[in-house]
Every structure is written in C-alpha cells, then in structure tokens.
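Here is what each chain is made of, one letter per residue.
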Amino acid sequence: MIPEGVKIPEHIAIVMDGNGRWASSRGLPRTAGHKAGAETFRRIATHCSRIGLPYLTVYAFSTENWKRPEAEVRTIMELLRRYLIEAREKMVQENTALRIIGDQSRLPEPLRALIRETDELSKRTNGLRVNVCLNYGARDEITRAVRAIARDAAAGKVDAGEITADYISSRLDTAGIPDPDLIIRPGAEHRLSNYLLWQAAYAELYFSDTLWPDFDEEELDRAIVWFSTRKRRFGGV
Ligand code: FPP
C-alpha cells in the first residue's frame, strides 16, 4: 500500500535480475527462473497500471545476452513472443501501451511483425506505457544515435553547434519518453549493467537483495515510498 499523499514517480525502470539464481536455488533449470520472472513482470505491470504510473521500463534482454546458452536465449525470446501476443489481445481493453526499445535488426521477422502490430495498437491507448528493452545496450543505443546524427550532419540537416543534449535524446531509442526518475535493481547486484546510461543521469537508484521472481507489489510500493523521501536537486542546491 502506498500511503496517501505519496507522490508516484513518472517513470520507473527495472533491471529484472536474479532469475537464474532463483531457479538454481530450487534445483530448477535457469529457464524456469525466466518463466517465473515473466510472471513477476506481469504482476508488477498490472500493479503499476493500477497505481497510475505513467511509464514502466524493464530490461528483458541485453545486447550481451546472446552469449548465453542457446536454450536460454530461445526461452527468453519465446516468453517475449508470448507476451507480445498477449499484449496484442489485451492492451486496448486494459488501456496500456507497449514499446520495444533496442536494436530490432537482429530480432526474428515474426517477432518484428508482432512489434509493428503492438506499436499500432499503442496509438489507441493512453494509460500505462510499458517499454521492454530487448537486444538493448546503452552503449549500442548511443552508438546508433551518434551514427544517425553524423548522417544528419553529413546531409546538411544539422550543424554541429545545433547538437544539444535534447537533440541527442531525440535520436535515442527512448525518444519522447521522459528519463526514469527511479531505477530499481533487485538481485543483490549494485551496478547499471549498460542500462539507460544516458537517461539515468538524475535517476534515484534503489537496490534490493530480493531475486526478481520473488519481487512483489509490496516491495515496489516500498521503493516508491523511499523515492518520495529523496530530495532531488538536479545539480542545484
Ligand atoms: C537477468 O537475470 C534476467 C534476464 C537476462 C532475462 C529477463 C527476462 C524475463 C524476465 C522474461 C521475459 C520478459 C518479459 C517482459 C515477458 P539472470 O538470468 O542474469 O539472473 P542471475 O544473475 O541470477 O543469473
């Protein structure tokens, strides 16, 4: 429960970490951890919608995760495919939007077709905006943006002096999405792991020892209440 008067942030971003350890500690294959993690994601997204959060972003698959065993990669992609199908059926009725953040060029065409469909449906909703980072890495995102800006400059569309922080933001995958106010990392690791490095400039960071499959609505509420006690100065006094 979030006490009355506590201000809900505009944008929460989560690193869904600890699925593998959760499964190993139960003698289960790592893939069982990702399945449990996908269920936790559904519960947390439903809760975010209920409390009126405008933006939720989750890290589902990084540009480095291709190095994992093939069966694990396949399981995560299948969980995402199922989620996209489910979103296609329910998102308009539930008034939620879905946006996939990351380099889609390496994704299989059937997945990209589903993404195009959910992008279209998202235009009809104005509730919770869910962003799923898939084949995402902040350095890769920034590299692709720099290339796009270099192309703009070479084509005479922009002068070097006109390239501002806002202009750079507008060329990132997250263009149009406000920066995260609160980044939550469960799983007992204290690092950003190439997640939203540009956008995290002024985010409050909340770390928790809970493994992602065990993360629940109550803990999200605790993170929000903690966030509401932070004094954000954005470099001022
Ligand atoms: C990190 O935990 C988690 C991942 C790399 C995958 C996250 C994917 C899902 C939760 C499923 C698909 C998501 C959606 C949105 C349907 P880890 O495996 O690195 O955990 P460990 O540190 O314990 O090994």
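Residues numbered from 1 in each chain as written. Predicted model: local features only at pLDDT ≥ 70, side-chain atom pairs only at ≥ 80, totals over all residues. Heavy atoms only, no water.

### A closer look at the environment of Ile76
So, step 1. Within the fold, Ile76 resides in helix α3 (residues 70-94).
So, step 2. With relative accessibility at 8%, the residue Ile76 sits in the buried group.
So, step 3. Placed 45 residues apart in sequence, Ile76 and Leu121 show a C-alpha to C-alpha distance of 23 Å. (Helix = DSSP H or I, 4+ residues; strand = E, 2+ residues; numbered from the N terminus. Buried < 20%, exposed > 50% of the residue type's maximum accessible area, 1.4 Å probe, protein only.)

### Observations concerning the site of the ligand
So, step 1. For the ligand, the set of nearby residues contains 18 residues, the closest of which are Asp17, Arg21, Arg30, His34 and Arg68.
So, step 2. Contact between the ligand and Gly18: an oxygen atom at 3.3 Å from a main-chain N or O atom of the residue.
So, step 3. Arg21 is positioned with one of its backbone polar atoms (N or O) 2.7 Å from an oxygen atom of the ligand.
So, step 4. A total of 640 Å² of accessible area belongs to the ligand in isolation, and the protein chains cover 92% of it. (Near = heavy atom within 4 Å. Polar contact = N/O pair within 3.5 Å; in protein donor to acceptor, adjacent residues only side chain to side chain. Areas by Shrake-Rupley, 256 points an atom, 1.4 Å probe, with all protein chains shown as cover.)

### A few points about the pattern of salt bridges
So, step 1. One pass over the structure, following the stated rule, counts 23 salt bridges.
So, step 2. Residues Arg30 and Glu72 are paired through a salt bridge, measuring 2.9 Å at the closest nitrogen-oxygen approach. Remark: Glu72 occurs in helix α3 and Arg30 occurs in helix α2 (residues 30-51); sequence separation between them is 42 residues.
So, step 3. Note on Glu72: relative accessible area 6%, which makes it buried. (Salt bridge = Lys/Arg side-chain N within 4 Å of Asp/Glu carboxyl O.)

### Some remarks on the packing of aromatic side chains
So, step 1. Inspection of the entire model under this criterion finds eight aromatic pairs.
So, step 2. Ring centres 5.5 Å apart and planes at 55° place the aromatic pair Tyr202 and Phe234 in the tilted group. Here Tyr202 is found in the loop between β5 (182-185) and β6 (204-207), whereas its partner Phe234 is found in the segment after α7 (217-228), with 32 residues between them in sequence.
So, step 3. Summarising the aromatic geometry, the rings of Trp212 and Phe215 are spaced 5.4 Å apart at their centres and angled 25° between planes, so their arrangement reads as stacked.
So, step 4. The class of Trp212 is buried, set by a relative accessible area of 0%.
So, step 5. One aromatic cluster is present, built from ring pairs that chain together Tyr59, Tyr136 and Tyr195.
So, step 6. One cation-aromatic arrangement involves Arg106 over Trp66; the distance from NZ or CZ to the ring centre is 4.2 Å. (Phe/Tyr/Trp six-rings, centres within 6.5 Å; stacked < 30°, edge-to-face > 60°. Lys NZ or Arg CZ within 6 Å of the ring centre and 35° of its normal.)

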